[in-house]
Amino acid sequence: MDLHIIQGTAQPYPSAEINIVIDVIRAFTVSHLAFMRGAREIFLVNTVEEAFALKAKNPAYLLAGEVAGLPIAGFDLDNSPHTFSTADVDKKSLVQKTTNGVKGTLLALNAELVLVTGFSNARKTARYAQRFAQGRAHCRVNVVASHPSGDDDLACAEFIQSQLRGDSSVGAEAVQHRINTSQAAGKFFDPAQPEFNEKDLAFCTREVDCGFVMQVDKSLPLPRIVKIPAG
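Computed from a predicted structure; not experimentally measured.

(A) Representation of the nonpolar core within the structure. Grouped together as the largest cluster of nonpolar side chains are 36 residues, with contacts concentrated most on Ile25, Phe119, Ile160 and Leu164. Counting only elements with at least two residues in this core, the list comes to strand S2 (16–22), strand S6 (111–117), helix H5 (122–133), strand S7 (140–145), helix H6 (151–165), helix H7 (172–180), helix H8 (183–186) and helix H9 (200–204). Ignoring anything within four residues of it in the chain, the contact list for Ile25 reads Asp152, Asp153, Ile179, Ser182, Ala184, Ala185, Phe188, Leu201 and Cys204. Within the second largest apolar cluster, 31 residues are counted, among which are Tyr13, Val114, Val144 and Phe212.

Written out as structure tokens, the structure is:
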């Protein structure tokens, strides 16, 4: 595999056979929890206005996400893994809008296989990508750390790259430490910012062997994340 780590969402990414988009704190940790709790699909939108327009046409859809990390007025759900750990999303279709993870994914559609993950499902995602790449003469993989400067996503990207190479140069414990000490995590420990729930970080740093990966389905007019058995 031809592996490349890319950080940020400033421009579309180079064409690749596989794009893996990471958002640890918190978008794709939330998506992972939503699927574990039975969600059917997660549509991805760039703007709040697109989300509201989609719900106007499909009132049963649940809107979830954040702007600048904060809940969006009029949305059904926020971007908190702690919230999603008890949310009733079984058999529901969600619409997700976030600052980094969703934006990065919508820039990463120019690949045969597009996967999204937080740290919670990173190992399973890497193994799935490995199997997809087997037997191909050439397979470029972009591992996208969607936060433009955050060490949380970068640590997870380096972990996935290590897994794809089949080595153990980046261990899970080191990644967990980097997530917890990253700039993005700081506000969750700040008493002056109670809107950020410290309990979220436990979900963002915990590996969960769930038996599936999250793939972006590009067959519909609007991209959506779906759950795919990992095998």
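(B) Fine view of the pattern of salt bridges. In total, this model carries 10 salt bridges according to the counting rule given. Residues Asp90 and Lys91 are paired through a salt bridge, measuring 3.3 Å at the closest nitrogen-oxygen approach. Relative accessible area serves as the criterion here: at 54%, Lys91 is assigned to the exposed category. Among the charged side chains, a salt-bridge network with shared partners connects Glu41, Asp217 and Arg224.

(C) Region of interest: the packing of H6 against H7. Contact geometry for H6 and H7: axes closest at 8 Å, N-to-C directions at 165°. By the angle between their directions, the pair H6 and H7 is classed as roughly antiparallel. Of the two possible hands of crossing, H6 and H7 adopt the one that is left-handed. Two secondary-structure elements touch here, H6 through Asp151, Asp152, Leu154, Ala155, Cys156, Glu158 and Phe159 and H7 through Ala172, Val175, Arg178 and Ile179.

(D) Molecular detail of the layout of surface pockets. Considered as a void within the structure, the largest pocket measures approximately 240 Å³ in volume. Surrounding the largest pocket, 17 residues form its lining, Ile25, Glu66, Gly69, Asn100 and Lys187 being those nearest its centre. Across the lining of the largest pocket, the residue classes tally to 6 nonpolar, 7 polar and 4 charged.

(E) Structural context of the side chain of Thr9. Here Thr9 shows up in the loop between strand S1 (2–7) and S2. Residues within four places of Thr9 in sequence aside, it is in contact with Asn100, Lys103, Gly104, Leu107 and Ser146.

(F) Region of interest: the environment of Gly101. Residue position: Gly101 is located in helix H4 (residues 101–106). A sequence separation of 92 residues divides Gly101 from Thr9, and the C-alpha atoms of the two residues are 8.7 Å apart.

(G) Representation of the packing of H5 against H6 within the structure. Close contact between H5 and H6 brings their axes to 9 Å; oriented N to C, the two are set at 40°. Taken as axis vectors, H5 and H6 run oblique relative to one another. The element H5 and its partner H6 pack so that their crossing is right-handed. In this structure, H5 contributes Ala122, Arg123, Ala126, Ala129 and Gln130 to the contact, and H6 contributes Cys156, Phe159, Ile160, Gln163 and Leu164.

(H) Quick peek at the sheet that holds S1. The mixed open sheet is built from 9 strands, whose spatial order is S1-S7-S2-S6-S8-S9-S3-S5-S4. Each of the sheet's edge strands pairs with one partner strand only, and the pair in question is S1 and strand S4 (62–65). Neighbour-to-neighbour, the strand axes of this sheet turn through a mean angle of 30°, independent of strand direction. Where S6 and strand S8 (residues 212–217) come together, 2 bridges link them in antiparallel fashion. Paired with Leu115 across the two strands is Gln215, which belongs to S8. Along the sheet, helix H1 (residues 27–36) makes contact with S2, strand S3 (41–44), strand S5 (93–97), S6, S8 and strand S9 (224–229), crossing S8 at roughly 110°.

What counts, and where the lines are drawn
- Residues numbered from 1 in each chain as written.
- Predicted model: local features only at pLDDT ≥ 70, side-chain atom pairs only at ≥ 80, totals over all residues.
- Heavy atoms only, no water.
- Core = buried A, V, L, I, M, F, W, Y, C linked by side-chain atoms within 4.5 Å.
- Buried < 20%, exposed > 50% of the residue type's maximum accessible area, 1.4 Å probe, protein only.
- Helix = DSSP H or I, 4+ residues; strand = E, 2+ residues; numbered from the N terminus.
- Contact = heavy atoms within 4.5 Å.
- Salt bridge = Lys/Arg side-chain N within 4 Å of Asp/Glu carboxyl O.
- Axes fitted to C-alpha atoms, helices over the stretch in contact; angles between N-to-C directions.
- Parallel < 35°, antiparallel > 145°, perpendicular 65-115°, else oblique.
- Left-handed = near helix turned anticlockwise from the far one by under 90°.
- 1 Å grid on protein atoms, 1.4 Å probe; cavity = no way out; pocket = protein on both sides within 12 Å on 5 of 7 lines; lining within 4 Å.
- Points joined across faces, edges and corners; volume = space filled by probe spheres on them.
- Nonpolar A, V, L, I, M, F, W, Y, C, P; charged D, E, K, R; others polar.
- Pairing = 2+ DSSP bridges.

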